[in-house]
Structures are given as structure tokens and as C-alpha cells.
Amino acid sequence: MPIKKKTFLLIFVAIVIFETLFFSVQQFIVYPSFITLEQVAAKQNLDRAILAIKNEIKHLESLCHDWASWNDAAQFLGDKNQDFIDNNLGTPSFASIGLNVMLFYDHEFRSVIKKALDLKTGQPLDLEDFPIEQISPTSPFYLDFSKEADWGETVVSGIWMIHGEPMLVAARPVLTSDNKGKPYGLLIMGRLLTNESIKKIVDQTQVDFSILSVGDLTHKAEIDRVLAQRDAGEINPFEKVSEKLLNIYASYKDINGKDAFIIRTSFPRDIAREGLETIRFAILFSWLIGLVTLLLIIFILDRMLLNPVSHLTKHAKYIQEMGDYAARIDLKRADEIGQLAHAFDGMIGMIEAQTGELARMNKELVDLSFRDGLTKVFNRRYFDQQLPVILGHMHREKQSCSLIIGDIDFFKQYNDTYGHLAGDDCLKVIGKVLREHTRRSLDLVARYGGEEFVLVLPNADAPQARDIAEKLRQAVQDEKLEHRGSSVAATVTISLGLTTVEPGIKAEAGLVIATADKALYEAKKAGRNRVTFKEYAG
């Protein structure tokens with residue numbers, strides 16, 4: 001055989017071998033890495049959608065707590081006064097808080113009043129098999145009030161299906177405003193998870209998801225397939241809708257433990273599509289290079305192709321295994337291999353940016369769970385978590401730390417005079433005043449419960465804390481909110497009690513709160529609308 005043919009044959013064989021290797025690497029290592037990254041990103045979107053629904057339930061729990069831990073509600077279960085119904089259970093009240101169902105039961109779980117409203121039509125809402133008249137011991141809402149328990153922290157929540165539409169439900173024992181004593185009964189709240197509310201969640205989370213009710217006949221085949229895959233062990237099954245779209249599913253159970261609906265999240269297949277296009281371009285380029293000469297092919301295989309591809313593959317596997325989206329291959333080449341690496345880095349950069357955005361949004365969702373929905377300050381749970389941490393830090397730093405507890409004077413009379421909604425507006429104003437007058441980076445403002453607020457002032461000694469408290473008291477009075485039910489002023493006022501933990505004292509959070517609370521009691525006893533200091537004795 002002539003040398004020319006041998007050379008040609010050798011070149012052809014070398015090209016075939018090379019292309020086979022190159023295609024195998026892309027097909028079985030690099031491309032599956034893109035698919036895995038795509039599925040991970042889709043699963044993160046699904047998790048955000050589920051978290052968003054759970055946060056909606058948390059918000060309803062918080063609203064239910066505000067109503068259930070209220071002296072007026074407890075009194076209503078005792079005397080069933082019509083004024084409470086007229087002032088708080090009208091259609092405007094339901095519309096203002098986006099509520100569809102409110103049910104009050106006495107301590108024997110017999111219905112006292114039931115209100116179920118379709119906010120779209122303004123007509124009564126048929127609750128189907130919801131326990132309206134009597135809650136039986138087998139109901140998930142049943143609580144044994146004969147037992148000793150922390151009823152102020154007791155909550156039953158979840159999903160209840162109404163006419164094939166999911167409804168968020170939350171139930172809490174009805175107590176007085178101090179969250180103590182035996183329950184007077186039970187309060188159940190419900191909010192329909194409508195298409196409009198789902199659209200709002202989609203806009204907030206930037207996740208394209210939809211809810212398929214288990215009884216929805218229009219999607220029966222899809223729902224049955226997902227449930228069958230779940231029962232077979234595939235918790236979050238994927239469905240390749242097209243080359244451009246990927247669906248991932250999760251089932252969600254109702255409060256009775258039955259399948260309520262399927263969450264379907266749609267994710268664009270940009271990662272796999274762009275990865276496949278890049279791989280195809282690289283393979284075409286390698287064929288063109290392979291037609292030059294045998295020596296050039298050997299050089300490219302050894303120095304300019306296989307090594308970079310191996311490096312790129314290891315880099316992709318490293319990202320896949322370690323999840324380090326900040327890693328860059330940074331292959332500084334002006335040819336197509338460099339373009340492939342640059343495109344890969346670009347796609348990883350996009351994933352990193354999306355992951356960072358997801359983390360930021362998740363942080364915002366977590367932050368919402370620590371905020372009081374009415375006043376926008378931190379809630380009691382966040383305060384209880386942070387106070388011991390702050391006290392410990394100030395002790396290690398040998399710095400002072402002050403605590404202020406404020407209570408709106410005659411707030412019950414304010415609610416009795418102006419109504420519950422006006423009382424909510426008053427709490428919002430007080431929360432705004434406290435936020436605006438505590439702007440130091442470490443200061444913490446929280447709603448302690450009902451009309452009580454707390455302020456944690458790190459690095460503030462007693463004179464500084466007293467000065468801040470006095471400014472807050474004056475700022476509240478300067479708002480000039482009319483209060484005909486107050487016996488100390490014609491406007492809304494606030495009493496404040498404070499204490500200071502001096503440097504070097506290792507304080508217990510409970511004792512610090514108790515000391516500030518005693519100071520608040522003395523301020524009220526002395527005539528209200530004043531600031532009282534009590535020394536922390538440890």
C-alpha cells in the first residue's frame with residue numbers, strides 16, 4: 001500500500017479514535033453533569049415552592065394566635081355578646097385580612113359561631129365535610145383541654161380540601177391576652193389557596209409552579225402517574241415535557257394525612273440545551289482540526305484537546321460533587337476549547353448567580369417567619385432566640401446591655417372604644433415609632449405579645465437606655481392618637497420599664513425580662529405614661 005494511502009488511513013483511524021473518545025467524554029461525563037445540575041436547580045425551585053406554601057400556613061398560624069390570645073375573644077366564648085360579632089366578624093374584617101373561614105367552639109367543642117365567606121362573590125362558603133357543628137375526638141382539631149399543657153404554644157395547622165380546592169387551616173385554643181390558664185374554647189381559621197393567591201406566591205418566589213388537586217379530573221392521568229411513582233419510591237419524579245421544559249413533582253398531604261394535591265414546578269432546560277449545543281460545536285471543531293495532519297492531530301490530542309477536556313470534565317465533576325459554583329476553570333485559550341471552557345464558566349456563573357438569588361430569597365422567606373405580620377417588627381419567637389445570644393455576647397465583650405418593655409396604656413379600652421381594626425392600626429403606628437427611633441445596627445425591636453413591645457439595646461448603659469426610653473415615650477405621645485378611654489391622657493400613651501445588665505455580670509434572659517417587667521409594673525402603678533428603671537440584681 002502506498003505511503004500516501006497508509007498516511008491517509010492512519011490519519012482517518014486517528015480521527016475516528018479521537019472522535020470516539022471525545023464524543024464518549026461529552027456524552028457520558030460532561031453532558032450528564034449538565035443534566036444533574038439542571039435537576040438540582042429544578043429540585044431547588046420545587047423546595048422553594050413547598051417552603052412558600054408552608055410559610056403561608058405559618059402566617060395564618062400567627063394571625064390565628066393574635067385572635068385566639070385576646071381577652072375579647074375569651075369573653076365572647078363566655079357571654080356570646082353581639083358586639084364582638086358586629087365589630088370583628090363582619091365581611092370587611094374578613095376581606096381586610098384575606099380570610100375565608102372563622103369558627104369559634106366552646107370548651108366542649110360545640111359550635112358557638114361559624115363564618116364562612118367566598119371573598120370573590122361575597123356569598124357564604126359551603127364547607128362540605130368540615131366539622132362545623134361539633135368537633136369529635138377523632139378530628140385532627142380535637143384537643144384534650146382536661147390535660148395540663150402549654151396551650152399558648154399549641155397549634156394545629158395544615159391543608160383541608162374544600163370542593164377540590166385547598167384551604168390553609170390553623171386552629172388554636174382561645175386564651176386571655178396573657179396566654180395563660182385553661183382554654184375557653186377553640187378558634188379555627190381558614191384561607192383558600194386560590195389561583196390568585198398562588199399567582200402572588202409565584203411572583204414573590206419567581207418559581208413557575210402550579211397546584212393540581214387530587215380530585216381534579218382534567219389532570220387525572222398526570223396525578224395518578226405521579227402518585228404511582230411516589231408509591232414506588234420516587235419522591236420527586238421528573239417529566240421531560242420537551243427539549244425546552246422539564247417538570248418536577250411533589251405530593252402534599254392534607255391535615256388528615258390524605259393526598260391533597262400535587263405541586264408541579266416547570267423549569268426551562270437552558271442548562272442542558274446550551275451544554276448540548278456547546279458539545280456539538282466542540283465535536284465539529286475537533287473534526288475540522290483532525291483533517292490537517294497526523295502530527296497536528298497527535299499534538300492537539302496531547303496538548304490542546306484531551307488534556308483540556310479532561311480538565312474540563314474533572315472541573316464539571318468537581319462542581320457536581322462539591323457544589324462549589326464559585327469555582328472557575330479559567331482556561332485562557334483563544335480557540336474553541338477556550339470558548340467551550342468560557343461557555344462552561346459562563347453557565348456555571350449563571351447557576352452561581354441563580355443559586356445566590358435563591359439563597360437570598362430563602363433568607364427573605366425565613367426573615368418573614370421571624371417578623372410580626374401586623375407591626376413589621378420582630379416577633380416573640382425571634383426575641384426569645386436572640387436575647388440569650390445578645391446577653392452572652394455582651395458578657396464576653398464586657399459591655400452593658402439594656403432591656404426595655406413597653407405596654408400601651410389602656411389598650412383594652414382603646415379596642416373597646418374604637419374596635420379591633422382600629423386597635424391593629426394603633427399597633428402598627430407604635431411599631432413604626434419604635435423602628436424609627438431605634439436605628440442602631442445592633443438594636444432589636446420585637447412585639448412581645450398583644451400590646452407589649454420589647455427593645456434590646458446592646459452597648460447601652462442605664463442613662464443611655466433611660467434617654468432612649470424617654471424619647472420613645474415622648475414620640476408615642478407626639479403621634480397624638482386619640483384615646484377617649486384613657487384616664488392619663490387624651491391620646492395614646494405608653495408605659496416603659498427598663499433594666500440594665502452591667503459589664504461583667506452574666507445574666508439569665510428570664511431574670512432580665514422579669515426585672516424589666518417589674519419596672520413596667522411600677523411605671524403603671526405610678527400613674528402610667530412614664531419610664532421606670534429597676535436595677536438588675538442577677
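Residues numbered from 1 in each chain as written. Predicted model: local features only at pLDDT ≥ 70, side-chain atom pairs only at ≥ 80, totals over all residues. Heavy atoms only, no water.

Observations regarding helix α5 (residues 195-205)
Note the threshold: In this scheme, a residue with accessible area under 20% of its type's maximum is buried, one over 50% is exposed, and one in between is partly exposed, where area comes from a 1.4 Å probe on protein chains only. Secondary structure counts use DSSP, requiring at least four H or I residues in a row for a helix and at least two E residues in a row for a strand, with both numbered from the N terminus. Throughout, the arc means that of the directions going from the helix axis to the C-beta atoms.
Among all positions in α5, only I198, I201, V202 and T205 are buried. Here the buried residues of α5 occupy an arc of 100° about the axis, which is enough to place them on one side. Of the exposed residues in α5, those oriented more than 90 degrees away from the buried face are K199, K200 and Q204. The positive-phi residue at the C-terminal boundary of α5 is Q206, with phi of around 60°.

Looking at the sheet that holds strand β11 (residues 444-449)
Definition in use: Paired strands are those between which DSSP finds at least two bridges. The convention used is that axes are lines fitted to C-alpha atoms, helices contributing only their stretch in contact, and that angles between N-to-C directions extend from 0 to 180 degrees. The contact criterion used throughout is that any non-hydrogen atoms of two residues lie within 4.5 Å.
The strand order across the open sheet built from five strands is β11-β12-β10-β13-β14, with neighbouring strands paired in mixed fashion. In the strand order of this sheet, the two ends are held by β11 and β14 (531-533), each with one partner. For this sheet, the mean angle separating the axes of adjacent strands, direction not counted, is 20°. Strand direction decides the pairing type here: β11 and strand β12 (residues 452-458), joined by five bridges, are antiparallel. Pairing of L444 across the sheet is with V456, part of β12. Lying on the sheet, helix α10 (residues 380-397) is in contact with β10 (401-408), β11, β12 and β13 (494-501); it crosses β11 at an angle near 135°. Packed on one face of the sheet, helix α14 (residues 509-525) meets β10, β11, β12, β13 and β14 and runs near 145° to β13.

Re the packing of aromatic side chains
Spelled out, the test is: Centres within 6.5 Å are what make two rings of Phe, Tyr or Trp a pair, Trp counting through its six-membered ring; a difference in plane orientation under 30 degrees is then read as stacked, over 60 as edge-to-face, and the rest as tilted. For a lysine, the NZ atom is tested; for an arginine, the CZ atom; a charge sits over a ring if that atom is within 6 Å of the ring centre and within 35 degrees of the ring normal.
Inspection of every chain in the model, using the stated rule, returns 17 aromatic pairs. Judged by centre distance (5.9 Å) and plane angle (85°), the rings of F84 and F104 are edge-to-face. On the criterion of sequence distance, the pair formed by F84 in helix α3 (residues 82-88) and F104 in strand β1 (residues 101-106) is long-range, its members being 20 residues apart. By relative accessible area, which is 0% here, F104 ends up buried. Members of the aromatic cluster, each reached through a chain of ring pairs, are W67, W70, F76, F84 and F104. For R371, the ring lying beneath its charged end belongs to F378, and the centroid distance is 3.9 Å. Taking the ring centre of Y448 as reference, the NZ or CZ of R380 above it sits at 4.0 Å.

Some details on unusual backbone geometry
If you check the backbone angles, H163 has positive phi at about 55° while not being a glycine. Of note, H163 is situated in the loop between β3 (156-162) and β4 (165-174).

Points about the packing of α10 against α14
In plain terms, the rule: Throughout, the term roughly parallel applies to angles under 35 degrees, roughly antiparallel to angles over 145, roughly perpendicular to angles from 65 to 115, and oblique to all others. Side-chain classes follow a simple rule in which Ala, Val, Leu, Ile, Met, Phe, Trp, Tyr, Cys and Pro form the nonpolar group, Asp, Glu, Lys and Arg form the charged group, and the remainder, Gly included, forms the polar group.
Put simply, α10 and α14 touch, their axes get as near as 9 Å, and they point 105° apart. With respect to each other, α10 and α14 are oriented roughly perpendicular. Here α10 contributes F383, L387, P388 and L391 to the contact with α14, which in turn contributes A509, V512 and I513. Among the residues forming the contact of α10 with α14, the class breakdown is seven nonpolar, no polar and no charged.

Section: the sheet that holds strand β9 (residues 259-268)
The strand order across the open sheet built from four strands is β6-β9-β8-β7, with neighbouring strands paired in antiparallel fashion. Pairing within the sheet leaves two strands with one partner each, and these edge strands are β6 (209-213) and β7 (238-240). Taking the axes of each pair of neighbouring strands and ignoring which way they run, one obtains an average angle of 25° across the sheet. Bridge count between strand β8 (residues 245-253) and β9: nine bridges; the pairing is antiparallel. From the neighbouring strand, N247 faces β9, where its bridge partner is S266.

Topic: the pairing of β10
Burial analysis of β10 places eight of its eight residues in the buried class, the great majority of the element. Residues C401, L403, I405 and D407 line one face of β10 and the alternating positions S402, I404, G406 and I408 line the opposite face, and both faces are buried. In this sheet, β12 lies alongside β10 in antiparallel orientation, the contact comprising seven bridges. Paired with I404 across the strands is L455, a residue of β12. Where β10 and β13 come together, eight bridges link them in antiparallel fashion.

A few points about the pattern of salt bridges
Keep this limit in mind: Salt bridges are counted wherever a side-chain nitrogen of Lys or Arg sits within 4 Å of a carboxyl oxygen of Asp or Glu.
With the rule as written, the count across this model stands at 25 salt bridges. A salt bridge links K253 to D259, with the shortest nitrogen-to-oxygen separation between them at 3.0 Å. Overall, D259 belongs to the partly exposed group, its relative accessible area being 23%. With a shortest N-O distance of 3.4 Å, D372 and R447 are connected by a salt bridge. Of this pair, D372 sits in the loop between α9 (336-369) and α10 while R447 is found in strand β11, placing the two residues 75 residues apart along the sequence. Each member of the pair D372 and R447 is classed as buried.

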